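Descriptive structure summary
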Amino acid sequence: MRIQVITIFPELFEPWLSTSLVGRARTSGLVEVEVHDLRFFTEGRHRVVDDEPYGGGAGMVMTAPPWLRAVREVSGPASRRIVLSPQGRRLDDDKVQELAELEELVLLCGRYEGLDQRVLDLVVDEELSIGDFVLSGGELPAMVTIEAVSRYIPGVVGRATSVVEDSFHQGLLDYPHYTRPPEVEGLEVPPVLLQGNHAEIERWRREQALIATYDKRPDLLEGVELTTEQREVLARHASAIACAAGERAQ
Ligand SMILES: C[S@@+](CC[C@H](N)C(=O)[O-])C[C@H]1O[C@@H](n2cnc3c(N)ncnc32)[C@H](O)[C@@H]1O
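First things first, this report covers the structure right here in the doc. (Residues numbered from 1 in each chain as written. Predicted model: local features only at pLDDT ≥ 70, side-chain atom pairs only at ≥ 80, totals over all residues. Heavy atoms only, no water.)

1. Section: the pattern of salt bridges
Counted by the stated rule, this structure contains 19 salt bridges. For the salt bridge of Lys95 with Glu98, the shortest nitrogen-to-oxygen distance reads 3.2 Å. Placement of both Lys95 and Glu98 in helix α4 (residues 93–100) is noted, with a separation of three residues, approximately one turn of the helix. With relative accessibility at 33%, the residue Glu98 sits in the partly exposed group. When the shortest N-O distance is used, the salt bridge between Glu207 and Arg236 registers 3.7 Å. Taken together, the residues span a long stretch of sequence, with Glu207 in helix α8 (residues 198–216) and Arg236 in helix α9 (residues 228–249) at a distance of 29 residues. We classify Arg236 as partly exposed; its relative accessible area is 48%. (Salt bridge = Lys/Arg side-chain N within 4 Å of Asp/Glu carboxyl O. Helix = DSSP H or I, 4+ residues; strand = E, 2+ residues; numbered from the N terminus. Buried < 20%, exposed > 50% of the residue type's maximum accessible area, 1.4 Å probe, protein only.)

Here it is in structure tokens:
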């Protein structure tokens, strides 16, 4: 996959792009990321990318001409052109998987009050948000998008099963993880994980993933047809919680 990023702060990407998962994905050629400085596409000595808003009001607006030149120059025929924006569709696992299927992404990182609307009207396919809050720029949202998408490119994450077992992929949260030492301040590792019975470990992990989802993100289970086994697991869990609450109340 090729990813083109357009920003006025290319230097923000440098250390991140050569580190960790994305760094390895680039080195192995599985993901190609090119970062373009929007100012390179300006005209005039001062390389200005913003101007006052028509109609007045607070803040500055990113002018359309450099964006139009930049997006048209770096896009290929198969590019999906995405502007990072708090007004966009919220990024989630379904969206990440959809983007990971594409050949090429062009990510537009806004600043100030955002881009002149005509950039969106003329050269943008979609707006993408990383959540209902406002950041000062689209660079962090672009990095979030690139990292999440890269994890779904085959070969990027060492063991493909770890992506499949991660939260959301199968509609559930991940199960709890433990590593050495076996006891931490009186808390022991669940015995099943130490006994080497892989079928039992798998069963325990399936149950714990379901319980974690029920406890932390019950909305993910809405409308899901649970199996008899899953319903029994949750019934046992609910009655254990009720018992513990009863004991505390006594
Ligand atoms: C200060 S914000 C502009 C906010 C805009 N005036 C609004 O209220 O919708 C500047 C830039 O940060 C980026 N940005 C801020 N919050 C974001 C979010 N939640 N998701 C994606 N991008 C975001 C966008 O690229 C945006 O153009």
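2. Regarding unusual backbone geometry
In the segment running from Arg180 into Pro181, the intervening peptide bond is cis, with an omega of 5°. On the secondary structure map, Pro181 appears in the loop between α7 (160–165) and β8 (183–184). In this model, Ser20 sits at a positive phi of 55°, which is unusual for a non-glycine residue. On the secondary structure map, Ser20 appears in helix α2 (residues 20–27).

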